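Summary of the model geometry
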Amino acid sequence: MSTQLFAAAAAFLIGGAVAVVLFVPFVFVNYRRAGRLTWRRTLAWMAFLVYFMALWTYTLLPLPDPDQIRCVGAQTNLLQFLRDIRGYPHSSLRQLAHNPAFLQFGLNIVLFTPLGFLLRGLWRRGIVFTTCAGFVLSLAIESTQYTGVWGVYPCAYRFFDVDDLLANTGGALFGAVASALVFAVFAPGWMAGRGGSRGIENPYGTRGRGAGGPGTPVTAGRRLLAMLCDGLTLYFCSFCTAIVVGAVNQFVLGHEPGGDVSAIQDVSFWIPLVLSAALTLLTGRTVGDLAVRVRYDFGSARGWRLFGLRLLRFLGGVGGYQLLYAMSGFADLAFVVVAVVLALALSRQRGLPGVLTNAPLIDDVER
């Protein structure tokens, strides 16, 4: 596999993994800032993550063998690229198109242009902030190269060039200006909401939890998104528990690596189950409910009746799936199918928990 293909594959894999880990917090923040989550915004954030990882993989990977490392120097003369360009034919556009120094400088500009465009478009930051962010990120990359990945290698294995800082910063500036022009033409109201959640209105006329007014509709997509968040949280919690328990077994208790697998599996099952049950029984909501701002309305229920309704809500959702997962066969898969079908078929997407509790599913700003 070539260096470019390896870097691209690493960027997609690492960026995809980070996107999965951050997906639930991403949903949580968007529903509080904008009152919804759109496909375009989700894809834009995923693109940003992959791009951000690509910056690092293309500039640092592949990591060399420490025994075969070739130390390189540093270019600290500002505007050296102009002298390098003049060292090759440069009197026409055709010659510039084949001028390696010109191409290198231009590609460094192009490399950071998406950063400026996405920062300006996603976070609605100002041009000065975006340009400074490009400089800081470029400085971090160049410093990592110059220090041999901060001392991991005895010397630099990638060439440090001060002109790269100039080109990268210029690329971020160009991307920010281009983003401002594009949005001014195609979405003139978008940049007016710069600065967090101010001015970010959802299509139902609310601006997040504190806006007042009627809650946003509980659509099928919103209900399924909550279920997806529950599933991702469950598997992430189980994975982290297994890693921690395995590390304790090996490094603290001195057990053989991979030993006592059944105990690790048991703990990684029970801890997520207990945590999800505690959250639901205490609040009446799962992580997914909290992320997309929905809740089952149990009316005036109190005491043991409220506890029983919350328990049914737990068993009709992620809790039921967790318990059936421990059983052999395809009970857990059948549970998922039934839960999805009921979420799509019932009014207001009450789903299986709504059937068990006979409670409506509402937006959390409804009273």
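Our subject is the structure listed above.
What you are looking at is a predicted structure, and each value in this text was computed from that prediction instead of being measured. Residue indices follow the written sequence of each chain, beginning from 1 at its first position. Local features in a predicted model are, by the rule used here, given only for residues with pLDDT of at least 70; side-chain atom pairs are given and counted only at 80 or more, and totals for whole chains, interfaces and linings are based on all residues. Only hydrogens and water are removed before side-chain values are computed, so all heavy atoms of the structure are retained for them.

1. Observations concerning the nonpolar core
Burial of nonpolar side chains together is a common tendency in soluble globular proteins. Judged by nonpolar contacts, the single largest core of 31 residues is most densely connected at Val27, Phe112, Leu115, Leu225, Val292 and Phe298. Only α1 (3-33), α2 (39-60), α5 (100-122), α6 (127-146), α9 (220-252), α11 (287-292), β3 (294-296) and α12 (303-315) provide two or more residues apiece to this core. Contacts of valine 292, omitting those with residues within four sequence positions, involve Val27, Tyr31, Arg222, Leu225 and Ala226. Grouped together as the second largest cluster of nonpolar side chains are nine residues, Leu234, Phe269, Phe335 and Leu352 included. Only buried Ala, Val, Leu, Ile, Met, Phe, Trp, Tyr and Cys residues count toward a nonpolar core, and they belong to the same one when joined by side-chain atoms within 4.5 Å. Buried means the residue's accessible area, taken with a 1.4 Å probe over protein chains only, is under 20% of the maximum for its type, while exposed means over 50%, and partly exposed covers the values in between. Under the scheme used here, helices are H or I runs from DSSP no shorter than 4 residues and strands are E runs no shorter than 2 residues, and both carry numbers assigned from the N terminus. Contact between two residues is taken to exist if any of their heavy atoms lie within 4.5 Å; hydrogens are not considered.

2. Focus on the pattern of salt bridges
Here, a salt bridge means any Lys or Arg side-chain nitrogen found within 4 Å of an Asp or Glu carboxyl oxygen. Applying the stated rule across the entire model yields four salt bridges. Notably, a salt bridge pairs arginine 222 with aspartate 363, separated by 2.5 Å at the nearest N-O pair. A residue pair is termed long-range when its members are at least 10 positions apart, and arginine 222 in helix α9 and aspartate 363 in strand β4 (residues 361-363) qualify at 141 residues. For arginine 222, a relative accessible area of 3% corresponds to the buried category.

3. What about the side chain of arginine 293?
With respect to the helices and strands, arginine 293 occurs in the loop between α11 and β3. For the purposes of these results, a polar contact is taken to be a pair of N or O atoms within 3.5 Å, where, inside protein, one atom must be able to donate a hydrogen and its partner to accept one; residues adjacent in sequence count only when each atom of the pair is a side-chain atom. Within the structure, arginine 293 has its side chain in polar contact with the backbone oxygen of tyrosine 31 (distance 2.8 Å).

4. Considerations on the state of the cysteines
In this description, a disulfide is simply a cysteine sulfur pair whose atoms lie within 2.5 Å. In total, this model carries one disulfide according to the counting rule given. At a sulfur-sulfur separation of 1.7 Å, the disulfide partner of cysteine 71 is cysteine 155. Sign of the S-S torsion, about -75° for the bond between cysteine 71 and cysteine 155, identifies this disulfide as left-handed. On the criterion of sequence distance, the pair formed by cysteine 71 in the loop between α2 and β1 (74-75) and cysteine 155 in the loop between α7 (148-151) and β2 (160-161) is long-range, its members being 84 residues apart. When its relative accessible area of 52% is taken as the criterion, cysteine 71 is described as exposed. According to the relative accessible area criterion, cysteine 155 is buried, its value standing at 16%. This cysteine, cysteine 237, is not joined by any disulfide, and cysteine 240 carries the nearest cysteine sulfur, 7.0 Å off. Given the relative accessible area of 21%, cysteine 237 is considered partly exposed.

5. With respect to α9
In this analysis, the expected span of each helix is defined as 1.5 Å times one less than the number of residues it contains. Under the 1.5 Å per step criterion, the end-to-end length of α9 is 47 Å for 33 residues, consistent within 8% with the ideal 48 Å. Among the residues of α9, Arg222, Arg223, Leu225, Ala226, Cys229, Asp230, Leu234, Ser238, Thr241, Val245 and Asn249 are the ones counted as buried. Phi turns positive, to about 75°, at glycine 254, one or two residues after α9.

6. Things to note about the packing of aromatic side chains
Pairs were defined over the aromatic rings of Phe, Tyr and Trp, the Trp ring being its six-membered one, requiring ring centres within 6.5 Å. Orientation was assigned from the angle between planes: stacked under 30 degrees, edge-to-face over 60, tilted for the rest. A full pass over the atoms with the stated rule returns ten aromatic pairs. Taken together, a centroid distance of 6.3 Å and an interplanar angle of 70° make the contact between tryptophan 45 and phenylalanine 48 edge-to-face. Of this pair, tryptophan 45 and phenylalanine 48 both sit in helix α2, three residues apart, which is roughly one turn of that helix. Pairing tyrosine 153 with tyrosine 157 gives two aromatic rings, centres 5.2 Å apart and planes at 65°, and the pair type is edge-to-face. The pair tyrosine 153 / tyrosine 157 is uniform in exposure class, with both members buried. Each residue in the set Phe26, Trp45, Phe48 and Phe52 is aromatic and connected to the rest through ring pairs, giving one cluster.

7. Regarding the packing of α5 against α6
Axis lines are fitted to C-alpha atoms, over the contacting stretch for helices. Their N-to-C directions set the angle, which ranges from 0 to 180 degrees. Viewed as axis vectors pointing N to C, α5 and α6 meet at an angle of 140°, and their least axial separation amounts to 10 Å. Between α5 and α6, the angle is such that the two are oblique. Note on packing geometry: the crossing formed by α5 with α6 is right-handed. For the pair α5 and α6, contact is made by Phe112, Leu115, Gly116, Leu119 and Arg120 and by Ile127, Thr130, Ala133, Gly134, Leu137, Ser138 and Ile141, respectively. Residues are grouped as follows: Ala, Val, Leu, Ile, Met, Phe, Trp, Tyr, Cys and Pro are nonpolar; Asp, Glu, Lys and Arg are charged; all remaining types, including Gly, are polar. Residue composition of the contact of α5 with α6, grouped by class: seven nonpolar, four polar and one charged. Orientation is classified from the angle alone, with under 35 degrees giving roughly parallel, over 145 giving roughly antiparallel, 65 to 115 giving roughly perpendicular, and any other angle giving oblique. Crossings are classed by handedness, with left-handed meaning an anticlockwise turn of the near helix from the far one by less than a right angle and right-handed meaning a clockwise turn.

8. Some words on the packing of α6 against helix α8 (residues 162-186)
Interaxial distance between α6 and α8 falls to 8 Å at its minimum, and their mutual angle equals 150°. When the axis of α6 is compared with that of α8, the two are roughly antiparallel. Crossing hand, α6 versus α8: right-handed. Contacts between α6 and α8 involve Ile127, Thr130, Thr131, Gly134, Phe135, Ser138, Leu139 and Glu142 from the first element and Asp164, Leu165, Asn168, Thr169, Ala172, Leu173, Ala176 and Val177 from the second. Of the residues contributing to the contact of α6 with α8, the split by class is eight nonpolar, six polar and two charged.

9. Some thoughts on α8
For α8, with 25 residues, the first-to-last C-alpha span of 37 Å sits near the 36 Å given by 1.5 Å per residue. Where α8 begins, the side chain of aspartate 161 points an oxygen toward the backbone nitrogen of aspartate 163, at a separation of 2.9 Å.

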